[in-house]
Amino acid sequence: MSAFPYETRRNHEMLRKYHSMRFQPLYSTRKPLIIKHKQANYWSATCYNTIGEMFQTTIAKESFAEGVGLHTGVYGHIRLVPAPAETGIVFRRVDLDNFHIEAQGHNVARVSYATSLMKQGVLLSTTEHVLAAIYSCGIDNIYIDIDSIEVPILDGSAEPFMQMLEHSGVRKLRRKRRYLKLLKPLEVTEGDRRIGIYPADEFRVRCYVDFPHPLVGQQEVEMLVGPDTFRHLLARARTFCFERDIEPLKAMGLIRGGSLENAIVLTNDGVMNGPLRFPDEFGRHKALDLIGDLALAGLPLLARVEAHKAGHALHTQLVSRLLDDPSLWTITTGEAALPESEAYLTALSPVPAAD
Ligand SMILES: [Zn+2]
């Protein structure tokens, strides 16, 4: 019996067909197609969406979920709560007197297999999947209430958070949205891993991964980021790990909450808990992680980001260096750029909401 216990199709034509079908409504939730990737397989997904929303948003009503944290194994509850204009995306540790941890680059604590935020010694782990959903959906202001040290992993993807956001709905606020618009490129390199951010009039990501595994190999996602593209291309892609890494990770005190229900486990030549939701679920999940980390820029980006074999460490380094150097960007309302100094002050001084 093959180590990969499903019918596999290797041919390129099928891949092309699959990707040309992916915009059909509900296709991806109804019928995942399983394709075994050859190592040399290489594809790219491009899609289009409009950007340039003029006004800030929040959610219309609360939504809830609960579950275990992937790394700590601690069970917790998450609640999305509407927030006034100029709040930004803010985590609240409701088990610690509503302690606020802003989803911003200066609060990044440590980064290994997940991104953790820390402020005044208060930690919150694995923020990237919920942030990817919120950021892609263009929600500017929201409280994310958590009663434990880690965001619940749920099914390992951003899909449950998308469902929460759908339940919550979007509400426009009367305050104009501000964008962080890139003026000059910035690149961070570490050996053969690199990430760069470049000027653009829209928010676009390109994410390339290369894992020496028969189901992964080289995969690439290139897309304009928006609610529809995120929902169709990335939201359902789950986190993954290699079977050989499980024991070492456990020994390091990580993945205490890991299970076959919340992570794809790759064996030496197949997958332990298929079927996959996409033939290139791994590349898609890495793009999801990238967007979740870019949310730490604190404002919607007008920039193109290219990640080449990067990970949380490089993503967050890029964000920190970007925020540390205001000569690289300006803040614009989408119509015209404000004078930089004035815009920067506005960003630093939250004002009461218009409604
Ligand atoms: Zn992830």
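Residues numbered from 1 in each chain as written. Predicted model: local features only at pLDDT ≥ 70, side-chain atom pairs only at ≥ 80, totals over all residues.

Our focus in this paragraph is the sheet that holds strand E2 (residues 63–68). Sheets are built from strands paired through backbone hydrogen bonds, the pairs being either parallel or antiparallel. Taken together, five strands build an open sheet; the order of strands is E2-E3-E9-E4-E5 and the sheet is mixed. The open sheet terminates on both sides in strands that have one partner only, identified here as E2 and strand E5 (99–102). Neighbour-to-neighbour, the strand axes of this sheet turn through a mean angle of 25°, independent of strand direction. Alignment of strand E4 (residues 89–93) against E5, held across four bridges, turns out to be antiparallel. Its bridge partner being in E5, Val90 is matched across the sheet by Glu102. The sheet contacts of helix H4 (residues 159–168) involve E2 and strand E3 (75–82), and relative to E2 the element is tilted by about 160°. (Pairing = 2+ DSSP bridges. Helix = DSSP H or I, 4+ residues; strand = E, 2+ residues; numbered from the N terminus. Axes fitted to C-alpha atoms, helices over the stretch in contact; angles between N-to-C directions. Contact = placed C-beta atoms within 7 Å.)

Before going further, it helps to spend a moment on the sheet that holds strand E6 (residues 108–111). On the basis of which strands lie adjacent, the open sheet formed by three strands has the order E6-E7-E8 and antiparallel pairing. Edge strands, defined here as strands with exactly one partner in the open sheet, are E6 and strand E8 (122–124). Looking at each pair of strands side by side, their axes are set apart by 30° on average, direction ignored. Pairing between E6 and strand E7 (residues 115–119): two bridges, direction antiparallel. Note that in E7 the partner of Val108 across the bridge is Leu117.

At a minimum axis distance of 7 Å, the contact between helix H3 (residues 128–136) and helix H7 (residues 281–294) shows a crossing angle of 75°. The angle between H3 and H7 falls in the class roughly perpendicular. Across from Glu128, His129, Leu131, Ala132, Tyr135 and Ser136 in H3, the residues of H7 making contact are Leu288, Asp289, Ile291, Gly292, Asp293 and Leu294. Taken together, the residues of the contact of H3 with H7 break down into six nonpolar, three polar and three charged. (Parallel < 35°, antiparallel > 145°, perpendicular 65-115°, else oblique. Nonpolar A, V, L, I, M, F, W, Y, C, P; charged D, E, K, R; others polar.)

Another point: the environment of Ile101. Mapped onto the elements of the fold, Ile101 is located in strand E5. Taking the C-alpha atoms as reference points, Ile101 and Ile144, separated by 43 residues in sequence, lie 9.6 Å from one another. Setting aside residues up to four positions removed in sequence, Ile101 forms contacts with Phe91, Arg93, Asn107, Leu117, Lys119, Val122 and Leu124.

In this chain, Gly274 is followed by Pro275 through a cis amide linkage whose omega measures 0°. Inspection of the secondary structure puts Pro275 in the loop between strand E17 (264–266) and H7. Even without glycine at this site, Asp97 takes up a positive phi of about 60°. Mapped onto the fold, Asp97 is located in the loop between E4 and E5. Of note, Lys309 is a non-glycine position whose phi angle comes to about 55°, a positive value. Here Lys309 lies in the loop between strand E18 (301–308) and helix H8 (312–324).

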